[in-house]
Amino acid sequence: VQLQASGGGLVQAGGSLRLSCAGSGTMFSFTAMTWYRQAPGKQRDLVARISSSGSTIYADAVKGRFTISRGDVKNTVYLQMNSLKPEDTAVYYCAAYGRWAGNEYHYWGQGTLVTVSS
């Protein structure tokens with residue numbers, strides 16, 4: 001199973017970016033997909049998560065500015081980031097969780113760098 005994240009880049013404060021993550025290599029749908037981020041010298045933190053039912057959770061720091069959504073293609077997730085702030089600068093990682101046949105699976109994609117200039 002592979003997760004391919006894309007969409008990072010350099011943007012000015014107040015701008016927007018849309019991250020994408022596409023999963024491949026499995027015939028099953030992920031139970032949940034999550035975006036994490038890690039700023040230099042800091043721990044990796046959850047940004048947003050969406051379940052297979054469509055329920056979502058967000059970190060307090062991004063509520064009202066970021067929106068996570070599932071794509072029409074199976075195992076695809078997006079993160080729409082608006083009103084970006086310099087403190088949003090980080091490497092953003094896509095992760096997926098699957099629970100199939102009584103087993104649990106966790107997958108990580110490579111990071112995509114988001115840089116917000118002031």
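Fair warning: this is a prediction, and the values are worked out from it, not measured in the lab.

Visitor: Quick rundown of the overall build of the protein? Include the residues and the values.
Guide: Counting its secondary structure elements, the protein contains 0 helices and 11 strands. When the helices and strands of the protein are placed in sequence order, the string is β-β-β-β-β-β-β-β-β-β-β. Scaling as 2.2 N^0.38, a compact globule of 118 residues should have a C-alpha radius of gyration of about 13 Å, and the protein matches this with 14 Å. Overall, the C-alpha framework of the protein stretches about 50 × 25 × 20 Å when taken along its three principal axes. Expressed as a percentage of the 118 residues in the protein, the buried residues total 42%. Excluding contacts between residues fewer than 6 apart, the proportion of contacts in the protein whose partners are at least 24 apart in sequence is 53%. Here the protein has roughly 6300 Å² of accessible surface; of this, 49% comes from carbon and sulfur atoms. Positive and negative side-chain charges of the protein, numbering 11 and 6 respectively, have mean locations separated by a distance of 3 Å.

Visitor: Can you break down the pattern of salt bridges residue by residue, with the values?
Guide: On inspection of all chains with the given rule, the structure shows 3 salt bridges. As a salt-bridge pair, Asp60 and Lys63 come within 3.1 Å of each other at their nearest N and O atoms. A salt bridge links Arg65 to Asp88; its shortest N-O distance comes to 2.7 Å. Pair noted here: Arg65 is in the loop between strand 6 (56-58) and strand 7 (66-70) and Asp88 is in the loop between strand 8 (76-81) and strand 9 (90-100), with a separation of 23 residues, a long-range link. Grouping residues by exposure puts Arg65 and Asp88 together as buried. Ionic contacts of the salt-bridge type, sharing partners, join the residues Arg37, Arg65 and Asp88 into one network.

Visitor: Report on the nonpolar core, specifying residues and quantitative values.
Guide: Judged by nonpolar contacts, the single largest core of 28 residues is most densely connected at Met33, Trp35, Leu79, Met81 and Tyr92. Secondary structure elements with two or more residues in this core: strand 1 (2-6), strand 3 (17-24), strand 4 (32-38), strand 5 (44-51), strand 7, strand 8, strand 9 and strand 11 (112-117). Tallying contributions element by element places strand 9 first for this core, with 5 residues. Residues in contact with Met81, not counting those within four places in the same chain, are Gly15, Ser16, Leu17, Leu19, Arg65, Phe66, Tyr92 and Val114.

Visitor: So what about the packing of aromatic side chains? Which residues, and what values?
Guide: One pass over the structure, following the stated rule, counts 6 aromatic pairs. Taken together, a centroid distance of 6.4 Å and an interplanar angle of 5° make the contact between Tyr105 and Tyr107 stacked. Residue classification places Tyr105 among the partly exposed positions, given a relative accessible area of 31%. Judged by its relative accessible area of 18%, Tyr107 falls in the buried class. Grouping aromatic residues by their ring pairs yields a cluster made of Phe28, Phe30, Trp100, Tyr105 and Tyr107. Directly above the ring of Tyr93 sits Arg44, whose terminal nitrogen or CZ lies 3.7 Å from the centroid. Over the aromatic face of Trp108 sits the side chain of Arg44, whose NZ or CZ is 4.8 Å from the ring centroid.

Conventions adopted
Residues numbered from 1 in each chain as written. Predicted model: local features only at pLDDT ≥ 70, side-chain atom pairs only at ≥ 80, totals over all residues. Heavy atoms only, no water. Helix = DSSP H or I, 4+ residues; strand = E, 2+ residues; numbered from the N terminus. Rg over C-alpha atoms; globule rule 2.2 N^0.38 Å. Buried < 20%, exposed > 50% of the residue type's maximum accessible area, 1.4 Å probe, protein only. Contact = heavy atoms within 4.5 Å. Areas by Shrake-Rupley, 256 points an atom, 1.4 Å probe, with all protein chains shown as cover. Lys, Arg positive; Asp, Glu negative; His and termini not counted. Charge placed at Lys NZ, Arg CZ, Asp CG, Glu CD. Salt bridge = Lys/Arg side-chain N within 4 Å of Asp/Glu carboxyl O. Core = buried A, V, L, I, M, F, W, Y, C linked by side-chain atoms within 4.5 Å. Phe/Tyr/Trp six-rings, centres within 6.5 Å; stacked < 30°, edge-to-face > 60°. Lys NZ or Arg CZ within 6 Å of the ring centre and 35° of its normal.

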